[in-house]
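Here's the letter readout for the chains.
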Amino acid sequence: MSITQPADATPGVLTPDEAERLATVMQGLASPLRLQILSVLRTGPASVSELCTRLGAAQALVSNHLRLMRHLELVTGNRDGRHIYYTLFDEHVSAVYDEAVRHLGHTERAR
């Protein structure tokens, strides 16, 4: 997301529209299973069946989460024959995930 500010806006402050879009993406990350999916995809591409096996989750549940994550441009799918292999959408998703994990480690040490 590129932040384009009106001429009279405070630099670096989100507009209401940008804040709404960002909140939607952040809500997309606000699920333990979706974060686990990202953690698997962080290591490389995976099919729905591979994700189900690795996470111990039902196919319908994983598929529903992936559909939402594709809509939010957090993941992308590439068809290979009968299978779709999912990956992180781009390096920004990876960076957000990595920073959140680092922050988690930081807050646990502060307790």
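Residues numbered from 1 in each chain as written. Predicted model: local features only at pLDDT ≥ 70, side-chain atom pairs only at ≥ 80, totals over all residues. Heavy atoms only, no water.

### Focus on the packing of helix H3 (residues 48-55) against helix H4 (residues 59-71)
- One can describe the packing of H3 onto H4 by two numbers: an axis separation of 9 Å at closest approach and a directional angle of 115°. Viewed along their axes, H3 and H4 form a crossing whose handedness is right-handed. Here H3 contributes Val48, Leu51 and Cys52 to the contact with H4, which in turn contributes Gln59, Val62, Ser63 and Leu66.
- For the contact of H3 with H4, the residue count by class is 5 nonpolar, 2 polar and no charged. (Axes fitted to C-alpha atoms, helices over the stretch in contact; angles between N-to-C directions. Helix = DSSP H or I, 4+ residues; strand = E, 2+ residues; numbered from the N terminus. Left-handed = near helix turned anticlockwise from the far one by under 90°. Contact = heavy atoms within 4.5 Å. Nonpolar A, V, L, I, M, F, W, Y, C, P; charged D, E, K, R; others polar.)

### Digging into the nonpolar core
- In this structure, Ile37, Leu38, Leu41, Leu51, Val62, Leu66 and Val75 are the most contacted members of the largest nonpolar core, which totals 22 residues.
- Mapped by element, the contributors of at least two residues to this core are helix H2 (32-41), H3, H4, strand E3 (83-88) and helix H5 (91-110).
- With 5 residues, H2 is the single largest residue contributor to this core. (Core = buried A, V, L, I, M, F, W, Y, C linked by side-chain atoms within 4.5 Å. Buried < 20%, exposed > 50% of the residue type's maximum accessible area, 1.4 Å probe, protein only.)

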